[in-house]
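Here is what each chain is made of, one letter per residue.
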Amino acid sequence: MATDDKYDRQLRLWGADGQRRLAESHILLIKANPIGTEALKNLILPGIGAFTVADDALVVPADHGNNFFVTAESVGKPRAEVTAKLLAELNPDSKASAMHGATVDTFIKDSSKLISYTLVIACDLSEEEMISLGKVCAAQRTPLILSSCFGLLGYIRMYSPEHTIIDSRPIEQVVSDLRLSRPFPELLEFAKGFDLEKIDDLHHKHTPFPIVLIKAKEIWKEKHEGKLPENFKEKSEFNKLIKEMSRDFFSEENFQEAVAAAPQCFVTNELKEPLKSVLEDAKCEDKAMKDKFWLMAATLKRFYAKYSELPLNGKIPDLTADTESYLALQKLYKDKANKDFLLFLELLGELRKERGLAEDCVTEAEARNFCENNGTVMCMRYSEVPEEFVKGPNKSTISEEVGDSDSLIKWYILIRASLRYHRKHKTFPAEKAEHDKVCGGFMR
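Residues numbered from 1 in each chain as written. Predicted model: local features only at pLDDT ≥ 70, side-chain atom pairs only at ≥ 80, totals over all residues. Heavy atoms only, no water.

### Notes on the overall build of the protein chain
- Regarding its fold elements, the protein chain presents 19 helices and eight strands.
- Relative to the 2.2 N^0.38 estimate, which gives 22 Å for 444 residues, the radius of gyration of the protein chain is 28 Å and therefore markedly larger than a compact globule would have.
- Principal-axis analysis of the C-alpha atoms gives the protein chain an extent of 85 × 50 × 50 Å.
- Here the protein chain, with 444 residues, has 42% of them falling under the buried criterion.
- Treating the 62 positive side-chain charges of the protein chain as one cloud and the 71 negative ones as another, the clouds have centres 4 Å apart. (Helix = DSSP H or I, 4+ residues; strand = E, 2+ residues; numbered from the N terminus. Rg over C-alpha atoms; globule rule 2.2 N^0.38 Å. Buried < 20%, exposed > 50% of the residue type's maximum accessible area, 1.4 Å probe, protein only. Lys, Arg positive; Asp, Glu negative; His and termini not counted. Charge placed at Lys NZ, Arg CZ, Asp CG, Glu CD.)

This is the structure in structure tokens:
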């Protein structure tokens, strides 16, 4: 479909909420070297709201040879201003600013300067600078990305106090929640309107596969004392039953879809990761919590405890069916999802009253987005930078990885050793350095 929205393709990847977050973000880049400017480029093109380049260096001839965002004419000029100006040309939606003369120490000594930024990207810092900036960002709860380049090798370290995700937009889309293992009453009633033995061939091959599976389950239960298949052998026999119900399995795509979706008939309503960890998190029970994500997570936990199910998302996949049947089935799931959503809002309202929160602390749109994507809800937490650099890396993990020829841990050790060497000698090891001593000191 044609569109004049330049962000149309990426919206299909991370959705409207993801694009909104980009547009509201303000990124700080410390050191406008090739890594930093390339990272900013890849954020500016999709539409970040603003960015600031902090650098105290002047452009030198070497920059012109490795940095796309400086020119020969810019040699001798402030690198922060030159790169910010050229980066701004990539997207007029991104507001650019430069801080010539600013270094990482500028922000370490005055952490209040970080308050306005949603993300800090810092490049080619020394070990001491990484530790100090890591402490400051942790104190300000500002996400941080540290990156260094060693020839053809690269190092990246991410930190975020807490990163909550509602719609992760996975590459492999989450299977639609069709409730085939626990059909709701309206779905069972809808299935009664299909008599697979009496309908003509055209309607038989256009019966939606959820209906085929519900019918197959009924037949199986009649023959097995009301029980569903429990082991591999029985589930294989169940697939065979579906094929036998078809009139020509190889020409009836709906029955092929039914066989492919048959495992959905046997799933339980138990919580699965990563949602399980979210609902078991202590923040769900924290009565002082005002964060929208955790308020909705607490509400979802109550919903599950009360109804032994999660809210239906109302989405159905593309499937073989005639238009009338497909639209009727689609409406059925949407209506059930709306009912679940109203129950969710009711529980959210109770939670708001208990905690004395304003009615608009969570908007209806936010609550609906949470309900529709409850299958991808997750929370990610990172260790702080000083934990890695001061306390040291996890030696048992390193020992396990060293024996794996495909592992990158050896490069990590060398990079960390080089940083440690630089910390002690204020220079990186030369080609003729005693490498055993360099790496050995780090491992100890």
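### Some details on the side chain of serine 246
- If you trace the backbone, serine 246 turns up in the loop between α10 (232-245) and α11 (253-261).
- The class for serine 246 is buried, based on a relative accessible area of 12%.
- Among the polar contacts made by the side chain of serine 246, one reaches the main-chain carbonyl oxygen of lysine 243 at a distance of 2.5 Å. (Polar contact = N/O pair within 3.5 Å; in protein donor to acceptor, adjacent residues only side chain to side chain.)

### Quick notes on the packing of aromatic side chains
- Applying the stated criterion to the full structure yields ten aromatic pairs.
- Seen from their ring centres, phenylalanine 190 and phenylalanine 194 are 5.3 Å apart, and the 70° between their planes marks the pair as edge-to-face. In this pair, the class of phenylalanine 190 matches that of phenylalanine 194, namely buried.
- Aromatic side chains tryptophan 220 and phenylalanine 238 sit 6.1 Å apart centroid to centroid with 80° between the ring planes, which places their arrangement in the edge-to-face category. One end of the pair, tryptophan 220, is in helix α9 (residues 209-223); the other, phenylalanine 238, is in helix α10, and 18 residues separate them in sequence.
- Note on tryptophan 220: relative accessible area 5%, which makes it buried. (Phe/Tyr/Trp six-rings, centres within 6.5 Å; stacked < 30°, edge-to-face > 60°.)

### Some details on the pairing of strand β6 (residues 153-159)
- Bridge analysis of strand β5 (residues 144-150) against β6 gives seven bridges, and the strand direction is antiparallel. Considered in β6, the bridge of isoleucine 145 is made with methionine 158.
- From the end of β5 to the start of β6, which pair antiparallel, there are two residues, and glycine 151 there has a positive phi angle of about 65°. (Pairing = 2+ DSSP bridges.)

### Regarding the nonpolar core
- Phe209, Leu213, Phe238, Ile242, Leu329 and Tyr333 are the most contacted members of the largest nonpolar core, which totals 35 residues.
- Within the residue set of this core, elements represented by two or more residues are α7 (185-191), α9, α10, α11 and α14 (323-355).
- Top contributing element to this core by residue count: α9, with seven residues.
- Beyond its immediate chain neighbours, meaning those up to four positions away, leucine 329 contacts Leu187, Phe190, Pro208, Pro210, Ile316 and Leu319. (Core = buried A, V, L, I, M, F, W, Y, C linked by side-chain atoms within 4.5 Å. Contact = heavy atoms within 4.5 Å.)

### Re the pattern of salt bridges
- Going through the model one piece at a time under the given rule, you end up with 30 salt bridges.
- Of the charged contacts, one joins arginine 381 and aspartate 281 as a salt bridge, the two residues approaching to 2.9 Å between their closest N and O atoms. Placement of arginine 381 in the loop between β8 (378-380) and α16 (385-389) and of aspartate 281 in the loop between α12 (275-279) and α13 (292-307) is noted, with a sequence separation of 100 residues between them.
- On the accessibility criterion, arginine 381 (45% relative accessible area) is partly exposed.
- A salt bridge links glutamate 285 to lysine 301; its shortest N-O distance comes to 3.0 Å. With glutamate 285 in the loop between α12 and α13 and lysine 301 in helix α13, this pair connects stretches of sequence that are 16 residues apart.
- For lysine 301, a relative accessible area of 29% corresponds to the partly exposed category.
- Where salt bridges share partners, they join Glu127, Arg157, Glu388, Arg416, Arg420 and Arg423 into one cluster. (Salt bridge = Lys/Arg side-chain N within 4 Å of Asp/Glu carboxyl O.)

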